[in-house]
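Remarks on the overall topology
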Amino acid sequence: MKTIDIRLKSDEVSKLRSMIGKELSAYLHDEFQYTQSSSQVVEVVVGDKKYYIYSFTEEQDYFGTPEDVAVWSVTDEKLPIVDKKTFVRTPVNETIKGITLIQENQRVFNDGVQTYDVWLTRGMVFDLGERQVAFEKDVWFSEEIIVHRGYDLSSRFSSTDNFGDDWDKSLRTECSRIEEEIMPE
Amino acid sequence: MGLGYKGDTGHQHSIGENIPDVSKDYPVNNGYFGTKGDSSDNSIRHIESDDPSATAKDFYDRIAHGGVENDILDKNGNIKGATTKMADGTVVTWREVSSSDGSPAVDINIKKSTDSGGLKVQKIHFVKN
């Protein structure tokens, strides 16, 4: 069985953990064009510090063939792409009460034997008390970052039901998610 | 890129408006262009041609006609392709070179589309005959 793990790394989770209890001043994204998504990067301003959620494709084993798969990262490093963006700033000015990661597990079985076990971070939900802001990873090849605002946002994430719909019928697929609350420092 | 609509169409196109023209040269079968690739996932497609780069660009320019286009960059800030948002919510992305196999590729993401004209989510590699 092949195991692939493209969830956020521990140092990236630590960066998110450091945001809890601080003020989410604003987040910056592309101007929305029919869909509420930003291409490749969203900037998150916590207090006076800037963080970036990036989505860049990189070569991965995509269930047996090499493909460009979008992989997320969270960092305070400003890459050249940021200065080339014309961002829209959405002010928030509320304290981050908690952050929950939406971790997705994709499993593929061939003749009843599991051949792939894939983990990825589907997104993250910032709990602001009265409301939430969330960022969701789009389909596997897409560098779009979907932005959600409102309540109970994990329920607005795309369904896992369609995973494997158009795959070879000889394979069985399963997909599930867990909500992983980041514990404060 | 980034100003107006791709091809100066005067209004933002939905992807469905472009399918009749594109399908003249690139037939659609069960929501997919091209033929199934080597993957178990039918959404990974191949279109063969003598000149994959030119064919990929032709396909992209026609399927993304009338959308709002922006560059996509690599981590160093170099342009690696373009992404176009259509009026129905479809996002079409063209990459001159896939890092996986070096082929040019076009992705069609209809996940947020209100009317995809019957197309499905797919990634198309343009490969040599």
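Here the residue numbers are simple positions, counted from 1 along each chain's written sequence. Chain labels run from A onward and ligand labels from 1 onward, assigned in the order the entries are written. The model is predicted, so local features are restricted to residues of pLDDT at least 70 and side-chain atom pairs to those at 80 or more, both for listing and for counting; the totals for chains, interfaces and linings are taken over all residues.

Section: the overall build of chain B
As a reminder of what qualifies: Put simply, DSSP marks the helices as runs of H or I at least four residues long and the strands as runs of E at least two long, and each gets a number from the N terminus on. For this measure, only C-alpha atoms enter the radius of gyration; the expected value for a globule follows 2.2 Å times N^0.38, where N is the number of residues.
Counting secondary structure elements, chain B contains two helices and nine strands. The C-alpha radius of gyration of chain B comes to 14 Å, within 12% of the 14 Å expected for a compact globule of 129 residues. By its C-alpha atoms, chain B is 40 × 40 × 25 Å across when sized along the principal axes.

Regarding the interface of chain B and chain A
Interfaces are often sized by the amount of accessible area the parts lose when they come together. Where we set the bar: Contacts are defined on C-beta atoms placed from the backbone: any two residues whose C-beta positions lie within 7 Å are in contact. We call Asp, Glu, Lys and Arg charged. Ala, Val, Leu, Ile, Met, Phe, Trp, Tyr, Cys and Pro are nonpolar, and the rest, Gly among them, are polar.
Counting residues at the interface gives 30 residues for chain B, matched by 31 residues for chain A. Contributing elements (two or more residues each) for the side of chain B that touches chain A: strand S5 (68-73), strand S6 (79-85) and strand S8 (105-109) of chain B. If you tally residues by element for the side of chain B that touches chain A, the top one is S5(B), at four residues. When its residues are assigned to classes, the side of chain B that touches chain A shows seven nonpolar, 13 polar and 10 charged.

Considering the packing of helix H1 (residues 15-25) of chain B against helix H2 (residues 52-63) of chain B
Residues and elements named next belong to chain B. For clarity, the threshold we go by: Note on method: axes are straight lines fitted to C-alpha atoms, helices fitted across the in-contact stretch only, with angles between N-to-C directions ranging 0 to 180 degrees. Reported orientations rely on four angle classes, namely roughly parallel under 35 degrees, roughly antiparallel over 145, roughly perpendicular from 65 to 115, and oblique for the rest.
In the contact formed by H1 and H2, the axes pass within 8 Å of each other and the chain directions differ by 135°. Here H1 is positioned oblique relative to H2, judged by the angle of their axes. Residues Ile15, Asn18, Asp21 and Val22 of H1 lie in contact with H2, whose contacting residues are Phe59, Arg62 and Ile63. Its residues assigned to classes, the contact of H1 with H2 shows four nonpolar, one polar and two charged.

It is worth stressing that arrangement in space is one thing and function is another; only the former is reported here.
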